[in-house]
Amino acid sequence: MKKIIILAMLSVLTVLPLQAQSYRHSRYYNPRQGRLDYSQRNHRSTYWNNDAYFGFRLGPTFSTVNSDDIYLDGSSIKTGLNAGVAAGFAVVPHTPLYLETGLYYTEKGGKGKVGGDKFTYQLNYLEMPLVMKYRIDIDRDFSIQPFLGGYLACGVGGKIKDFGERSAYSSFSDNPYSFQRFDGGLKTGCGLQFDMFYAEISYDLGLANICHDDFDTSKNSALTLNVGINF
């Protein structure tokens, strides 16, 4: 599944610049040629639609699982994939304040050791963020976009690997050393956009207890770097 998602997102990001030839909201759009023309400046409009925008995102995630239980504490960073789509909608007319949501496939988890034996947690989620984003225009091309909100996630796969026991089992099961499927927490970060090209850094702070033990807590945390395109 991971390879399929990577190939799909890379294909999308490859095709989008070609599709951008008909992108009419870019300041580089040349109405005579019906495509983007970077050889001249056309200040017809900005890259934002006044009411809404849509985008694609792809990047790495650096995550940990912090737990009171030594057997569940994956506090060493694990690297995974984040890929998805985003949509933003204006909240107040004539004010650059947007409500942004989307749907992402994101790989979280962590790594650790117990008694010298290594273990890894791979926690794959479908995640839906909901954040408020404010656009600060630096000039006609470039803007800074801080955001704050939360996220909800549902586990869709992953493996727990115990290298000491040489065993592996599902990350989301009834096993006492596996995890609950649903997660949620806070999300904050900042995006940068030049014309239609976008990059952001965000941080997920898990608030839900994702372990099965009522007396201990395990929580996700993740730093994500994304690049993409808005249109």
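Please read all numbers here as calculations on a predicted model, not as lab measurements.

S.K.: Would you take a moment to explain the layout of surface pockets for this structure?
M.R.: To locate leftover empty space, one rolls a probe as large as a water molecule over the atoms. Quantified by volume, the largest pocket comes out at close to 240 Å³. Of all the secondary-structure elements, those providing two or more residues to the lining of the largest pocket are β6 (117-134) and β9 (159-162). In terms of residues, the lining of the largest pocket owes the most to one element, β6, which gives three residues. Across the lining of the largest pocket, the residue classes break down as seven nonpolar, one polar and three charged.

S.K.: Looking at this structure, I do not really get the pattern of salt bridges. What am I missing?
M.R.: Oppositely charged side chains can pair when the atoms bearing their charge come close. All told, the structure shown has six salt bridges when counted by the stated rule. For the salt bridge of K187 with D204, the shortest nitrogen-to-oxygen distance reads 2.7 Å. Of this pair, K187 sits in strand β11 (residues 182-194) while D204 sits in strand β12 (residues 197-206), and the two are 17 residues apart along the sequence. The structure contains a network of salt bridges with shared partners spanning K108, E127, K187 and D204.

S.K.: How should the side chain of D183 be read in this particular structure?
M.R.: Following the sequence through the fold, D183 ends up in strand β11. Of the side chains with opposite charge, K108 comes closest to the buried, unpaired D183, at an N-O distance of 4.4 Å. A distance of 2.9 Å separates polar atoms of two side chains, one belonging to D183 and the other to Y151.

S.K.: How should the nonpolar core be read in this particular structure?
M.R.: The nonpolar side chains of a soluble globular protein tend to be buried, and buried together. Grouped together as the largest cluster of nonpolar side chains are 14 residues, with contacts concentrated most on V65, Y121, L123, Y125, F179 and I210. Those elements that place two or more of their residues in this core are β6 and β8 (142-157). Top contributing element to this core by residue count: β6, with four residues.

S.K.: Quick question: what am I supposed to make of the confidence of the model for the chain here?
M.R.: Interpretation of the predicted coordinates at a detailed level should be avoided for regions scoring low in pLDDT. When pLDDT is averaged along the chain, the result is 84; 78% of the residues meet or exceed 70. In the model, residues 38-49 has pLDDT below 50 throughout and makes 43 contacts with residues more than four positions away in sequence or in other chains.

S.K.: I would appreciate a short explanation of empty space enclosed by the protein in the present structure.
M.R.: Enumeration according to the criterion identifies one cavity of 30 Å³ or more in this entry. Its volume calculated, the largest cavity comes out at about 140 Å³. What lines the largest cavity is a set of 17 residues, and nearest its centre among them are Y104, K187, E200, S202 and N226.

Cut-off values and rules
Residues numbered from 1 in each chain as written. Predicted model: local features only at pLDDT ≥ 70, side-chain atom pairs only at ≥ 80, totals over all residues. Heavy atoms only, no water. 1 Å grid on protein atoms, 1.4 Å probe; cavity = no way out; pocket = protein on both sides within 12 Å on 5 of 7 lines; lining within 4 Å. Points joined across faces, edges and corners; volume = space filled by probe spheres on them. Helix = DSSP H or I, 4+ residues; strand = E, 2+ residues; numbered from the N terminus. Nonpolar A, V, L, I, M, F, W, Y, C, P; charged D, E, K, R; others polar. Salt bridge = Lys/Arg side-chain N within 4 Å of Asp/Glu carboxyl O. Buried < 20%, exposed > 50% of the residue type's maximum accessible area, 1.4 Å probe, protein only. Lys, Arg positive; Asp, Glu negative; His and termini not counted. Polar contact = N/O pair within 3.5 Å; in protein donor to acceptor, adjacent residues only side chain to side chain. Core = buried A, V, L, I, M, F, W, Y, C linked by side-chain atoms within 4.5 Å. pLDDT = per-residue confidence, 0-100. Contact = heavy atoms within 4.5 Å.

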